[in-house]
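These are the residues of each chain, in order.
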Amino acid sequence: MASFEGSYLGDNTRLSPDARLECKICWYVYDPEKGDEVWQIPPRTPFASLPDHWRCPMCDGAREQFMILH
């Protein structure tokens, strides 16, 4: 049986442009339709297009620890 790993772990090939991802630490949801006001990310920015230095705006968690929401 294969194990489940919901984190995208930095693999942008696993993400569709409209993928929503959730922080494992604080449950913040990055929604590309909304963007991120804290980091001044405009709406309609896919998670894969976020800058390398982007982190969770609520808890400063690393982007690699976000889980893909299905």
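Our subject is the structure that appears above.
Residues numbered from 1 in each chain as written. Predicted model: local features only at pLDDT ≥ 70, side-chain atom pairs only at ≥ 80, totals over all residues. Heavy atoms only, no water.

Enquirer: What should I look at first to understand the overall build of the protein chain in this one?
Expert: Counting secondary structure elements, the protein chain contains zero helices and three strands. If you list the helices and strands of the protein chain from N to C, you get β-β-β. Considering only C-alpha atoms, the protein chain reaches an extent of 40 × 25 × 20 Å along its principal axes. In the protein chain, which comprises 70 residues, the share counted as buried stands at 36%. Within the protein chain, contacts between residues at least 6 apart in sequence are counted, and of these 45% link residues at least 24 apart. Taken as two groups, the 7 positive and 11 negative side-chain charges of the protein chain have centres that lie 2 Å from each other. (Helix = DSSP H or I, 4+ residues; strand = E, 2+ residues; numbered from the N terminus. Buried < 20%, exposed > 50% of the residue type's maximum accessible area, 1.4 Å probe, protein only. Contact = heavy atoms within 4.5 Å. Lys, Arg positive; Asp, Glu negative; His and termini not counted. Charge placed at Lys NZ, Arg CZ, Asp CG, Glu CD.)

Enquirer: Honestly, the nonpolar core in this entry has me stumped. Any pointers?
Expert: Soluble, globular proteins show a tendency: their nonpolar side chains are buried together. The biggest cluster of nonpolar side chains holds 14 residues, and the ones touching the most others in it are Leu-15, Leu-21, Tyr-28, Tyr-30, Phe-47, Trp-54 and Phe-66. If we skip the residues at most four places from it in the chain, Tyr-28 touches Leu-21, Glu-22, Cys-23, Gly-35, Asp-36, Trp-54, Cys-56, Pro-57, Met-58 and Phe-66. (Core = buried A, V, L, I, M, F, W, Y, C linked by side-chain atoms within 4.5 Å.)

Enquirer: Can you help me understand the sheet that holds strand β3 (residues 66–68) in this one?
Expert: Each strand in a sheet pairs with another by means of backbone hydrogen bonds, the pair being arranged parallel or else antiparallel. Taken together, the three strands give an open sheet; going across it, the order is β2-β1-β3, and neighbouring strands pair in antiparallel fashion. If you trace the sheet from one side to the other, it starts and ends with β2 (29–30) and β3, each paired once. Where strand β1 (residues 21–23) meets β3, three bridges bridge the pair, whose relative direction is antiparallel. Bridged to Leu-21 within β3 is Ile-68. (Pairing = 2+ DSSP bridges.)

Enquirer: Before we go on, may I ask you to explain the pattern of salt bridges in this structure?
Expert: According to the stated counting rule, one finds two salt bridges in the structure shown. Arg-20 is the partner of Asp-31 in a salt bridge, and the nearest nitrogen-oxygen pair spans 4.0 Å. Of this pair, Asp-31 sits in the loop between β2 and β3 while Arg-20 sits in the segment before β1, and the two are 11 residues apart along the sequence. With a relative accessible area of 17%, Asp-31 lands in the buried category. (Salt bridge = Lys/Arg side-chain N within 4 Å of Asp/Glu carboxyl O.)

Enquirer: Just checking my understanding: could you explain the side chain of Thr-45 for this structure?
Expert: Among the structural elements, Thr-45 can be located in the loop between β2 and β3. Contacts of Thr-45, omitting those with residues within four sequence positions, involve Tyr-30, Pro-32 and Leu-50.

Just geometry here; none of it tells us what the structure is for.
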